[in-house]
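# Examination of the molecular architecture
Residue-level listing of the chains:
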Amino acid sequence: MEPDDQRRDSLVRLIAHDDISITAARDGDEAMKALEQHPYDCMVLDYGLTSPNVYELLDRIKAKPELRRSPIIIYTGDALEKKEQLRLKKYAESIIVKDVRSPERSLDETSLFLHRVEERLPEEKKQVLKKLHSIETVFAGKKVLLVDDDIRNVFALSNLLEGLDMQVAFAETGRQALEQLEREPDFDLVLMDIMMPEMDGYEAMRAIRGDERFERSPIIALTAKAMREDREKCIQAGASDYITKPVHTDQSLSLMRVWLCK
């Protein structure tokens, strides 16, 4: 759903191929009418909607039980304030907030949620994704602090991150994470488990945000729970975003890529 005709047509052309069917809507009434007539596997909404605004439309969508779990990509050309991010994240885990600064990211995100096979896409779209994914070099050399007391998670995530040529440091508790950040304040990203002994992730994130050096540092919470109140608590404690366990590799990399590019 995109009110601007030119941008809507451009997005349709970018995403379209014979493996999916796309319905384009210019306003909330058109979108709701389409949603009531057919089931959809993914929705793409422009954050800048005005009639209705994006929150009113989300209220209408989420009021319908059959639509509550539908994946929704909300894109914006501008960085969202933390207050706006928190407000959007309160709706549902299936809403993915992205600062999609280019149409190419919309192709990337819809491909993920629609389980599209990249090799079956037309050559020009494969080249778009190839160019976008070359941004994987954004991971190379970046320092990440992995805070988790579960050795299995540490092993799996460290193998993934080190395979991307990232520098990985570990902490088993929130207190150890604070000590590590005090020694090395130049980490590019913190992955913070929530349930830990001695000092849990909530308390650790609040302490990190209390230090002006880390006010804008990306912190992604790792939570085993998908309950709405747990997600809200993560954001309120200072998380930039969250990932539910078990960790999904593609979604995790997509999320980390977004925060490392900011």
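So, how was this worked out
- Residues numbered from 1 in each chain as written.
- Predicted model: local features only at pLDDT ≥ 70, side-chain atom pairs only at ≥ 80, totals over all residues.
- Heavy atoms only, no water.
- Helix = DSSP H or I, 4+ residues; strand = E, 2+ residues; numbered from the N terminus.
- Salt bridge = Lys/Arg side-chain N within 4 Å of Asp/Glu carboxyl O.
- Buried < 20%, exposed > 50% of the residue type's maximum accessible area, 1.4 Å probe, protein only.
- pLDDT = per-residue confidence, 0-100.
- Contact = heavy atoms within 4.5 Å.
- Axes fitted to C-alpha atoms, helices over the stretch in contact; angles between N-to-C directions.
- Parallel < 35°, antiparallel > 145°, perpendicular 65-115°, else oblique.
- Left-handed = near helix turned anticlockwise from the far one by under 90°.
- Nonpolar A, V, L, I, M, F, W, Y, C, P; charged D, E, K, R; others polar.

### A short note on the environment of I151
The residue I151 is located in helix α7 (residues 151–163) in this model. Put simply, I151 and E172 are 21 residues apart on the chain and 8.9 Å apart in space, counted from C-alpha to C-alpha.

### Focus on the pattern of salt bridges
Applying the stated criterion across every chain, the model contains 11 salt bridges. Salt-bridge contacts for R152 lead to D150; the nearest nitrogen and oxygen are separated by 2.9 Å. When its relative accessible area of 63% is taken as the criterion, R152 is described as exposed. The structure contains a network of salt bridges with shared partners spanning D5, R8, R26 and E30.

### Thoughts on the confidence of the model for the protein chain
Of all residues in the protein chain, 77% have pLDDT values of 70 or greater, and the mean over the chain is 79. Here residues 98–102 is a poorly scored stretch, pLDDT under 50, and it has 22 contacts once near neighbours within four places are set aside; other chains count.

### A closer look at the packing of helix α2 (residues 28–37) against helix α3 (residues 54–62)
The relative placement of two packed helices is expressed as an angle between their axes plus a distance between the axes. In the contact formed by α2 and α3, the axes pass within 11 Å of each other and the chain directions differ by 15°. Taken together, the axes of α2 and α3 are roughly parallel relative to one another. The hand of the α2/α3 crossing is right-handed. Contact residues: α2 offers G28, D29, M32 and L35, while α3 offers L57, R60 and I61. Residue composition of the contact of α2 with α3, grouped by class: four nonpolar, one polar and two charged.

### Some remarks on unusual backbone geometry
One non-glycine residue, D165, lies in positive phi territory at about 65°. Mapped onto the elements of the fold, D165 is located in the loop between α7 and β5 (167–171). The backbone phi angle of E198 is positive, close to 75°, even though this residue is not glycine. Classification of E198 by relative accessible area gives exposed; the value is 55%.

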